[in-house]
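Report on the structure
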Amino acid sequence: MKKTTLGWSDVTPKHLWLNRRAVLAGAGAALLAGPATAKLTYSPSSFSTTEEPNSFEDITSYNNFYEFGTGKEDPARNAGALTTDPWSIVIDGLVDRPGTYDIADVVKDQPLEERIYRFRCVEAWSMIIPWIGFELSGLLNRVGVQPGAKYVAFETLVRPDEMVGQQSPILDWPYREGLRLDEAMNPLTILATGLYGEEMPKQNGAPIRLVVPWKYGFKSIKSIVRISLVAEEPPTTWNMLQPSEYGFYANVNPTVDHPRWSQATERRVGSGLFGGRQDTLMFNGYEAEVASLYAGMDLAKFY
Ligand code: MTE
């Protein structure tokens, strides 16, 4: 595909957007933490939960990223092999300005925020994660969504040389996910480029991944290389694999069980063997922000 240039043409030097060890110093300001660090400006967000975040260690050592293996420790062990620079994202389908965009262009001028979100995996564990990211709507508005677009489809890269899990057909690669357009435009939906103030660790989906906090974690696709605006509901990895267990919507819902286990409670990772089991909240606690998206829908049917 022909490379097109957005209006925001001049590429931000990488050291200006990499957020290594940036220190949050109030809204709109960040301090340099030392000579090897980069200046990053990110703000706190009113969407953040006040719950205590999980440790950096928990967040980066207990992962699902099947491209690097199916075990929870496999991503931390194997993701180092992934080349994340250079990185570009194809944006295509029903958009005014399709093209292959360098990641520096994708993030340029998008206001970075720290979003401390609840993150609930379909496997009934949860974490609190301080993401750094920007609203997906900011990017979609910039490329110009055409009226016929009703859904957004996302793909992770396919690179079996670097992603050992892709050497086996455990999933139908590439990993694919999708959102309805109104879900994608909701201000809670972000593209995250870091966590704990640092650029995204590879096991968490470097250099850029989706985060949709009211949905089960599998919707939050990692290491994105393609974003397509489409008219029909796109095929998605887990739904293709086992539609009776993983719906397209995948909204966190304690009243609709997974066929093989309850979704009523969750284990907070890092809270020890005996503590930490807690009730799962409707829409993962984001009901006030998102329930209206599903007004009139039978959530037992559209799970
Ligand atoms: N994205 C890709 N490309 N491959 C995956 O295997 N796993 C999903 C999601 N995104 C996955 C993915 C699942 S099941 C979960 S729970 C979250 O990533 C885990 O995100 P985390 O490891 O950053 O906590």
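Residues numbered from 1 in each chain as written. Predicted model: local features only at pLDDT ≥ 70, side-chain atom pairs only at ≥ 80, totals over all residues. Heavy atoms only, no water.

**Section: the site of the ligand**
Our working definition: Here a residue is considered near a molecule or strand provided that any single heavy atom belonging to it is located within 4 Å of it. In protein, a polar contact means a hydrogen-donor-capable atom and an acceptor-capable atom, both N or O and within 3.5 Å, with residues adjacent in sequence counting only if both atoms are side-chain atoms; elsewhere, any N or O pair within 3.5 Å suffices. Here the accessible surface of atoms and residues is derived via Shrake-Rupley with a 1.4 Å probe, and residues count as covered only by protein chains that are part of the display. Amino acids outside the nonpolar list (Ala, Val, Leu, Ile, Met, Phe, Trp, Tyr, Cys, Pro) and the charged list (Asp, Glu, Lys, Arg) are all regarded as polar, and Gly is one of them.
Around the ligand sit 16 residues in total, of which N63, Y66, E67, S220 and K222 are the nearest. Here a nitrogen atom of the ligand and a side-chain polar atom of E67 are 2.8 Å apart. In this structure, a nitrogen atom belonging to the ligand sits 2.9 Å away from a main-chain N or O atom of S220. Taken by itself the ligand offers 530 Å² of open surface, and the protein chains cover 99% of this. By residue class, the composition of the shell around the ligand is seven nonpolar, six polar and three charged.

**Let's talk about the confidence of the model for the chain**
As a reminder of what qualifies: A residue's pLDDT is the confidence the predictor assigns to it, expressed on a 0 to 100 scale. Two residues qualify as a contact provided that any one of their heavy atoms is within 4.5 Å of a heavy atom in the partner residue.
Taken residue by residue, the chain gives an average pLDDT of 89. The fraction at 70 or more is 86%. Confidence drops under pLDDT 50 across residues 1-39; counting only partners more than four residues distant or on other chains, this segment forms 88 contacts.

**Quick word on the packing of aromatic side chains**
Note the threshold: Two aromatic rings, drawn from Phe, Tyr or Trp (for Trp, its six-membered ring), form a pair once their centres lie within 6.5 Å of each other, and the interplanar angle then sorts them: stacked below 30 degrees, edge-to-face above 60, tilted otherwise. Secondary structure elements follow DSSP: runs of H or I of four or more residues count as helices, runs of E of two or more count as strands, with numbering from the N terminus. Residue exposure (1.4 Å probe, protein chains only): buried if accessible area is under 20% of the type maximum, exposed if over 50%, otherwise partly exposed. Geometrically, a charge over a ring is one whose NZ (Lys) or CZ (Arg) sits within 6 Å of the ring centre while staying within 35 degrees of the ring normal.
Counted according to the given criterion, the structure contains 13 aromatic pairs. A centroid spacing of 5.9 Å and a plane angle of 70° characterise the contact between F119 and W131, whose relative ring orientation is edge-to-face. One end of the pair, F119, is in strand β6 (residues 112-120); the other, W131, is in strand β7 (residues 125-135), and twelve residues separate them in sequence. Both rings, one in Y249 and one in F302, keep their centres 6.1 Å apart while their planes meet at 85°; by these two values the pair is edge-to-face. Placement of Y249 in the loop between α7 (237-241) and β14 (265-268) and of F302 in the segment after α8 (287-290) is noted, with a sequence separation of 53 residues between them. By relative accessible area, Y249 is classed as buried at 7%. The rings of Y151, F248, Y249, F283, Y294 and F302 are connected pair by pair, giving a single aromatic cluster. Taking the ring centre of F248 as reference, the NZ or CZ of K219 above it sits at 4.2 Å.

**Points about the nonpolar core**
Basically, it comes down to this: By nonpolar core we mean a set of buried residues, namely Ala, Val, Leu, Ile, Met, Phe, Trp, Tyr and Cys, connected to one another through side-chain atoms within 4.5 Å.
If you look at the biggest cluster of nonpolar residues, it comprises 74 residues, and the most contacted ones within it are W131, F154, I208, L210, W214 and I227. When residues in this core are grouped by element, the largest group, six residues, is from β7. Once residues within four sequence positions are removed from consideration, W131 is found in contact with E113, E114, R115, Y117, F119, I190, A192, G194, L195, M200, R209 and V211.

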